[in-house]
Amino acid sequence: MAETRFVVPQGEFDLIRYPPTRNATLRAWDAADELLLSHLAEVMGERPVSHVVIVNDAFGALTVAIAAAGESGVLQHVRFVSDSHVASMAMRQNLERNGIEQLPESGVGAPDVVLVKVPKTLALLGAQLVELRAVIEPTTVIVGGGMARDVHSSTIELFERTIGPTRTSHAKKKARLIFSTLEPELSPTAPQPTVFALGRQDAQLVNYPGVFSAQRLDSGTRLLLDNLPATVDGPDVIDLGCGNGALGLAVALADPTAHVTLVDESRLAVRSAEATFRRALDERAEVAFCQPTFRIGDCLDGLPGGSADLILCNPPFHRGRVRGDDVAWKMFTGAKRVLRQGGEVWVVGNRHLDYYEKLERAFGNSQVMANDPKFLVVRAVR
């Protein structure tokens, strides 16, 4: 069973991962969380701190510990910032688990301290740091944190270009802190979304920073696009884990009668998909075209059973930096629930991920529809 007891200067807390994982070695925090909270305790011992912003807290470890200080009256405002809907759900779950009803939200003005967990992509970090510049002041304490393997020279250079003078701590427990001070004279520009061809009807995809496959259509999605099933008579289609909306847009272009729903747990992914469809709609003002539905959510949670005819999916094989099949398995079991009788799920993935076997377990009838040296397209029927 995974360790759940989290002991830091702010107190002792009971934390679990959300969604649950079958890997019992994974905790809901890492050494970088511990270092960040230890440093925050030092800062709070030296100066008044009433307003803290927390960026990219994966499971709520930072937020729970800091919110506990808020409940004691030390902090007046704690703000949680994340692109991930699932991270928000994990944070809320751990607040409740530790008897904390809500985050303190009475503060105004610039934060006293900003804690930033280094995300997986520099593009996302760059966009977040540019946004932070709009709310911080030279007196704001800005501290990044990550496992040492994830804090590179390019990470430090990005902090320096975007925020100002930056230094790092020595590694401790294989984690490292980043200390940055606001330089008001800097004027960094926010990373812009990339735009590239879908490869169908001159349509283009819009990718915001941090969203999967930022520069070009990825090979797995291309294989699924080249083998999409035909649809007729206004089917209900879901692009599950939609990213920039490539699969959903391809269906809409091929069948204007389709009712397309695009779902992702990343807010920036859904924003990308919205921008992709908006661009396509603007370019086809005189053409019949579906009006899609966009949804931020954890896989298919919240969607009614028996409501879809076709689900298309290129599942991620990692949650953050941890590889595994938990997300894919939740997508497949959710697809079985949400599909109507006779409805189909089409999945693309790397050969080594064994999606054929997983769909066979979930549906009992998986079938390889296309393959190349690296990827398989697998179909299963409800």
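Everything here concerns the structure above.
Read on for an overview of the structure. (Residues numbered from 1 in each chain as written. Predicted model: local features only at pLDDT ≥ 70, side-chain atom pairs only at ≥ 80, totals over all residues. Heavy atoms only, no water.)

### With respect to the sheet that holds strand β12 (residues 259-264)
- Taken together, seven strands build an open sheet; the order of strands is β13-β12-β11-β14-β17-β19-β18 and the sheet is mixed. Edge positions in the sheet fall to β13 (293-296) and β18 (367-371), since each has one partner strand and no second. Neighbour-to-neighbour, the strand axes of this sheet turn through a mean angle of 20°, independent of strand direction.
- With four bridges joining them, strand β11 (residues 236-240) and strand β14 (residues 308-313) adopt parallel strand pairing. Note that in β14 the partner of Val 237 across the bridge is Leu 310.
- Against the sheet, helix α8 (residues 267-283) makes contact with β12 and β13, and its axis sits at roughly 170° relative to β13, the strand it touches most.
- Most of the contacts of helix α10 (residues 355-363) go to strand β17 (residues 339-350), to which it runs at about 160°, and overall it touches β17, β18 and β19 (375-381). (Pairing = 2+ DSSP bridges. Helix = DSSP H or I, 4+ residues; strand = E, 2+ residues; numbered from the N terminus. Axes fitted to C-alpha atoms, helices over the stretch in contact; angles between N-to-C directions. Contact = heavy atoms within 4.5 Å.)

### Brief notes about the layout of surface pockets
- Approximately 460 Å³ is the volume found for the second largest pocket.
- Taken together, the elements giving at least two residues each to the lining of the second largest pocket come down to β3 (51-55), β4 (77-81), α4 (122-133) and α8.
- It is α4 that provides the largest number of residues to the lining of the second largest pocket, a total of six residues. (1 Å grid on protein atoms, 1.4 Å probe; cavity = no way out; pocket = protein on both sides within 12 Å on 5 of 7 lines; lining within 4 Å. Points joined across faces, edges and corners; volume = space filled by probe spheres on them.)

### Overview of the pattern of salt bridges
- Within the structure shown, the criterion is met by 14 salt bridges.
- Of the charged contacts in the structure, one is a salt bridge between Arg 5 and Glu 12, with a shortest N-O distance of 2.8 Å.
- With its nearest N and O atoms 3.0 Å apart, the salt bridge here joins Lys 330 to Asp 301. Of the two residues, Lys 330 sits in helix α9 (residues 326-338) while Asp 301 sits in the loop between β13 and β14, which places them 29 residues apart along the sequence.
- Relative accessible area serves as the criterion here: at 21%, Lys 330 is assigned to the partly exposed category.
- The class for Asp 301 is partly exposed, based on a relative accessible area of 34%.
- Three or more residues joined by partner-sharing salt bridges are found here, namely Asp 30, Asp 33 and Lys 117. (Salt bridge = Lys/Arg side-chain N within 4 Å of Asp/Glu carboxyl O. Buried < 20%, exposed > 50% of the residue type's maximum accessible area, 1.4 Å probe, protein only.)

### Some words on helix α1 (residues 31-46)
- Over its 16 residues, α1 runs 23 Å from end to end, which matches the ideal 22 Å to within 8%, given 1.5 Å per residue.
- The complete set of buried residues in α1 reads Ala 31, Ala 32, Asp 33, Glu 34, Leu 35, Leu 36, Leu 37, His 39, Leu 40 and Val 43.
- With a side-chain oxygen positioned 3.0 Å from the backbone nitrogen of Ala 32, the residue opening α1 is Asp 30. (Expected span 1.5 Å × (residues − 1). Polar contact = N/O pair within 3.5 Å; in protein donor to acceptor, adjacent residues only side chain to side chain.)

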